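Descriptive analysis of the structure
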Amino acid sequence: MMVDPTLAEMGKNLNEAMKILEDGRKASEPDADRRQFSRSSIPGPLQGDGQDVASILQLVQNLMHDDEEEDRPSHRMQNVGEQGHMALLGHSLAAYISVLDRERLRKLITRIASDTTLWLCRLFRYESGSAYYHEDDREGLLKVCRLVINTRYEDYSTEGYTVLNSRQPVIYQSATCRPGLGQHLCSQLGLPLSSLCTVPCNTMFGSQHQMDIALLDKLIREDVETGKLPLLLIANAGTPGAGHTDKLGRLKELCEQYGMWLHIEGVNLATLALWEVSSPVTAATRSDSMTLTLGPWLGLPAVPAVTLYRHEDPALSLAAGLTSSQPVEKLRALPLWLSLQYLGHDGIVEKIRHAVELSQRLLEKLKTLASIKTSVEDELNSPVVVFRFSQETSAESSGGSVEGYFAGEREVLDSLNRWLCERLAQLVPASGVDIVELEDEGTCVRFTPLMTAAALGTQRCDVDLLVERLTELIPVLNCTLRLRLDFREEVYRHSALSYIEDLNWPGLGAVRYEPRIEELNDSKRQLEVEKINSELLVKLGELDADLIFSTGLEFGPEKDCIFIGMATEDLDVAELVDTIAALGRDIEENGRLLENMTEVVRKGIQEAELQLQKDNQDKLMEEGVLRQIPLVGSVLNWFSPFQSTVKGRTFNLAAGSLDSTEPTYSMKSQTGGLASPETPTSSAKRLPGQRLFRREGAGGSDSHSETSSVGQAEELSMERFPQPTTPTPPSPVPDEAVSVVPESPETPQRPPTQENGEVGTQEGVEEEREPVGQEAPVEETGR
């Protein structure tokens, strides 16, 4: 078999390029040399000699991974398999085929377009249809609208938009359609927004995500009576949010009654390829057009979306842009043509069936979980599962039933479900769950394997792991929801704490420590509040606790607050709030001490100088003038030692007072040094291995703790209040039990000689050991 050398070289280069790029993506840590290469290899002007293919691919790889940091988790990229390589090869082949001669090019693109259209129409049961391939998934609907306008307004091709003034066209869409879709159509078609009519969903009967057909009929009749022309109806086979399907059969009958065009889009259209299809989706095969997004469904990168439509006039299709006379534009189907052949009919059906089975597996397991509510239209064959956490109605808190026990319950549940989805996405990234905002249900977690499973490689084990992680998170959500009210009540008991109401915070709540400073103005008080709460946040983060303390949401309205994260069942809320208040009070008092330290020290030094002057005068009066003469005083002191009544002084920085040193030498320790101050959190009742803020006998387990919390409160106290090192026993002795036994006045020790160089040290030791009442030189007591 003869092989085109250019095609062989193209396939070889593609395989090498994908190997280089995938090897760079699989590398666990970016190399420093590669980073340096990426920064230095980005040229300003083009290099004169050019670069080889390997260097260019290396540059592309570095640009793709240059912004990855070691401390930031890498995002999961799409799993590009062999079918993905075929899609990428199609883009390269399209560029190569475009240079063929015109006759060969025409034959080739005709074959590619006809084969792809035939396969898709048979696969999705859309008989006698034509196909339009487009990059933007909204472009197909836009071309269809142009086709309908050209069909309903015969003079539109010659008169243009002036013919629309006679009868204004109206496009109807469901309230659950993609946001901005109708506005985009009006903008591209040059129609006023009054030509767009949004039909509400059911409120009394049926799904709340389905279009209200009775109300649609009423709106159409009113538009016809006012001289407007109903043009097109956009229906959903799987709404973008909940994945529900409109009543397509009834909508088709209504469109035939008023001569309207019915266009259908949605993820549930993929189930048309299965043998067993639900009846609401089967009615989509009778529509006038529908848009298929095969890329996410089959895990094919960079393949176009397809809009299948039925129309008998090729001239109008050409005028609307659904067909083109340019052969190159028809090559858009080439990547899809290659991928469909590679997968085959069975491979395509298997991928779609696998995604539907994943949804059914998750739905069956969610039914067994308490506090989880699902929103699924067809439980037997729905590829979209939407669920949310809802409080247990049987659970009780201090305020009674959880159901409706506080204001803003909807907002709090939305924040908790948002946190739940983020945690599940982090714990099970292969699941592909995301957040969806629904009008009636609120914030929900959505599992859409048809849009994610092929790209992420989701398997049944991932669904089982998702349910397992969800089962572990449900008790945390229930406990946090129950303890929010208790936390608020405990905060109200402390005058120094302010409870911050933030319904968007997924956790216990927020609190702010308010300093007791009334003489400061607003600006200085704000700075003081910010300083104390920032230090308090650091102190709380250093505690050995399972709670998470943070500054809240990045763009939240509340600042200078401490936000407490999710709670467990054994959390002692009272102890937590008491600890926050005590730590804040300590920080405030220490801050005041530091602020007043300069003034205290200055006044203390002045008082000390006055006391020293007075002591020197008293000493002179007691000793007399003769003892002040150097030689005479020494002889006189030898024959007649003198005991001075002048006592030493010590300056207490904490109290700002000048005290006597007599208690120091009499009691052998500093006054008050035997007892250490207690910490805000008592550790006497804490069990070994038990973390802070845990109740005794609670059902929670500390098995997941990595470090022990024994003595955490004592260590925190020692850090704030360092104790002096004394030779006393570890157990404190009451003051009244302390007695001083004087040493026996045996042969006095000689002072050491000057040779050892320790005269000052030994002298100080002898002074400390000297019993009360023994005569000592005046110079030592004066110190």
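Preceding this paragraph is the structure being described.
Residues numbered from 1 in each chain as written. Predicted model: local features only at pLDDT ≥ 70, side-chain atom pairs only at ≥ 80, totals over all residues. Heavy atoms only, no water.

1. Notes on the sheet that holds strand S12 (residues 434–438)
One open sheet holds the 4 strands; their spatial order is S8-S9-S13-S12, and the pairing between them is antiparallel. Strands with a single pairing partner mark the edges of an open sheet, and in this sheet they are strand S8 (372–374) and S12. In this sheet, adjacent strand axes meet at a mean angle of 40° when their direction is disregarded. As paired elements, strand S9 (residues 385–389) and strand S13 (residues 442–447) share 3 bridges and run antiparallel to each other. Opposite Val-386, over in S13, you have Arg-446 as the bridge partner. Contacts from helix H14 (residues 334–366) reach S8, S9 and S13, with the element oriented near 30° to S9. (Pairing = 2+ DSSP bridges. Helix = DSSP H or I, 4+ residues; strand = E, 2+ residues; numbered from the N terminus. Axes fitted to C-alpha atoms, helices over the stretch in contact; angles between N-to-C directions. Contact = heavy atoms within 4.5 Å.)

2. Observations regarding the side chain of Thr-176
Relative to the elements of secondary structure, Thr-176 occurs in the loop between strand S2 (169–174) and helix H8 (181–189). For Thr-176, a relative accessible area of 18% puts it in the buried group. Only 3.0 Å separates the side chain of Thr-176 from the side chain of Ser-174, close enough to count as a polar contact. A polar side-chain atom of Thr-176 sits 3.3 Å from a polar atom in the side chain of Asn-236. For Thr-176, the residues in contact, after removing those within four places along its chain, are Cys-201, His-209, Asn-236, Thr-239 and Pro-240. (Buried < 20%, exposed > 50% of the residue type's maximum accessible area, 1.4 Å probe, protein only. Polar contact = N/O pair within 3.5 Å; in protein donor to acceptor, adjacent residues only side chain to side chain.)

3. Focus: the packing of helix H6 (residues 139–152) against H8
Packed helix pairs are specified by the crossing angle of their axes together with the interaxial distance, meaning the distance between the axes. Between H6 and H8, whose axes approach to 10 Å, the crossing angle comes to 55°. With respect to H8, the axis of H6 lies oblique. Once H6 is placed against H8, the crossing between them reads as right-handed. Taking contact as the criterion, the partners of Leu-141, Leu-142, Cys-145, Arg-146 and Ile-149 in H6 are, on H8, Leu-181, Leu-185, Gln-188 and Leu-189. Considered class by class, the residues forming the contact of H6 with H8 number 7 nonpolar, 1 polar and 1 charged. (Parallel < 35°, antiparallel > 145°, perpendicular 65-115°, else oblique. Left-handed = near helix turned anticlockwise from the far one by under 90°. Nonpolar A, V, L, I, M, F, W, Y, C, P; charged D, E, K, R; others polar.)

4. A word on the packing of aromatic side chains
Inspection of every chain in the model, using the stated rule, returns 5 aromatic pairs. Their ring planes at 90° and their centres at 5.7 Å tell us that Tyr-156 and Tyr-161 sit as a pair that is edge-to-face. Looking at Tyr-156, the relative accessible area reads 15%, which means it is buried. Each ring, one from Tyr-492 and one from Tyr-499, has its centre 5.9 Å from the other, and the planes form 70°; the classification is edge-to-face. Here Tyr-492 falls in the exposed class, since its relative accessible area comes to 56%. Following the ring pairs from residue to residue traces out a cluster consisting of Phe-487, Tyr-492 and Tyr-499. (Phe/Tyr/Trp six-rings, centres within 6.5 Å; stacked < 30°, edge-to-face > 60°.)

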